[in-house]
Amino acid sequence: MPVVSRCVRSCWTALRRTGCWRSYGDRLVGKLDAAADRKAGVLRVNALHEDVPFTKTMSAEIGGEIEDLARWLELELVLPG
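Residues numbered from 1 in each chain as written. Predicted model: local features only at pLDDT ≥ 70, side-chain atom pairs only at ≥ 80, totals over all residues. Heavy atoms only, no water.

A short note on the pattern of salt bridges
Applying the stated criterion across every chain yields a total of 3 salt bridges. A salt bridge links R44 to D37; its shortest N-O distance comes to 3.6 Å. Under the relative-accessibility criterion, R44 is labelled partly exposed at 34%. (Salt bridge = Lys/Arg side-chain N within 4 Å of Asp/Glu carboxyl O. Buried < 20%, exposed > 50% of the residue type's maximum accessible area, 1.4 Å probe, protein only.)

Side note on the environment of V78
Its place among the elements puts V78 in strand β4 (residues 76–78). C-alpha of V78 to C-alpha of V42: the two residues are 36 residues apart in sequence and 6.5 Å apart in space. Those residues within four positions of V78 in sequence are excluded, and the remaining contacts are V42, L43, R44 and V45. (Helix = DSSP H or I, 4+ residues; strand = E, 2+ residues; numbered from the N terminus. Contact = heavy atoms within 4.5 Å.)

Laid out in structure tokens, this is it:
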């Protein structure tokens, strides 16, 4: 399992209170501001804060991990904007 997946799943409880640190490889690169709305059946991403500028590859991989989180939670993903 990729490092980002482990982060996403291990910090789900913390995500409800404070957000989740986003890891990429062996470093933390940003924070996810998201909330699960079970009644509406969605994982609503309010923001993804980049602590370092994301490369195109990083953005694609992190985006994929957020999609995996929504699938794992059995929720539809709703992105900002």
